[in-house]
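This is what each chain is made of:
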Amino acid sequence: MATKTSEIKFLVELDENRIPEKLTWTAQDGGVDEEEAKAMMVSLWDAKAQETLRIDLWTKDMPVDEMKLFFHQTLVAMSDTFKRATDDEKMAATMKDFCDYFAEKLELKKQ
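No experiment lies behind these values; they were computed from the predicted model shown. (Residues numbered from 1 in each chain as written. Predicted model: local features only at pLDDT ≥ 70, side-chain atom pairs only at ≥ 80, totals over all residues. Heavy atoms only, no water.)

Structural notes on helix α1 (residues 64-86)
So, point 1. With 23 residues, α1 extends 32 Å between its outermost C-alpha atoms, agreeing within 8% with the 33 Å of an ideal straight helix rising 1.5 Å per residue.
So, point 2. Listed as buried for α1 are M67, H72, T74 and S79.
So, point 3. In this structure, the buried side of α1 is in contact with β4 (39-46), β5 (51-58) and α2 (89-105).
So, point 4. Where α1 ends, the next residue or the one after it, D87, has phi of about 60 degrees, a positive value. (Helix = DSSP H or I, 4+ residues; strand = E, 2+ residues; numbered from the N terminus. Expected span 1.5 Å × (residues − 1). Buried < 20%, exposed > 50% of the residue type's maximum accessible area, 1.4 Å probe, protein only. Contact = heavy atoms within 4.5 Å.)

So, the pattern of salt bridges
So, point 1. Counting across every chain of the model gives 8 salt bridges.
So, point 2. With a closest N to O distance of 3.4 Å, D29 and K4 form a salt bridge. Here the residue D29 occupies a position in the loop between β2 (20-27) and β3 (32-37), and K4 occupies one in the segment before β1 (9-14), the gap between them amounting to 25 residues.
So, point 3. What makes D29 exposed here is its relative accessible area of 52%.
So, point 4. Among the ionic pairs, K96 bridges to D80, the shortest N-O distance being 2.6 Å. Here K96, found in helix α2, pairs with D80, found in helix α1; they are 16 residues apart in sequence, far enough to count as distant.
So, point 5. The partly exposed category is assigned to D80, whose relative accessible area is 33%.
So, point 6. Ionic contacts of the salt-bridge type, sharing partners, join the residues D15, E21 and K60 into one network. (Salt bridge = Lys/Arg side-chain N within 4 Å of Asp/Glu carboxyl O.)

Written out as structure tokens, the structure is:
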């Protein structure tokens, strides 16, 4: 039985067309209190259905160049998480290679 619980809360303010205008999040255990964000991607594993559930949101004023950086940094973080979760160094390195390719094609890094 869990002896402690922790809550992460997301608030999404929508315009009249239900498009996100403002995203804020709170994680008191992490010292975060109603911090604003322009985009978020949350993935949850449904063990019963054996599938990933997702919430992908971004505000209507999120610039495309920042979205490209957000995706790149998310892919790099997923590579790191994959390595820690599976200890599969070879596939993690392959994923990192793709991240480098992704950045190069989007001209995110100077070569």
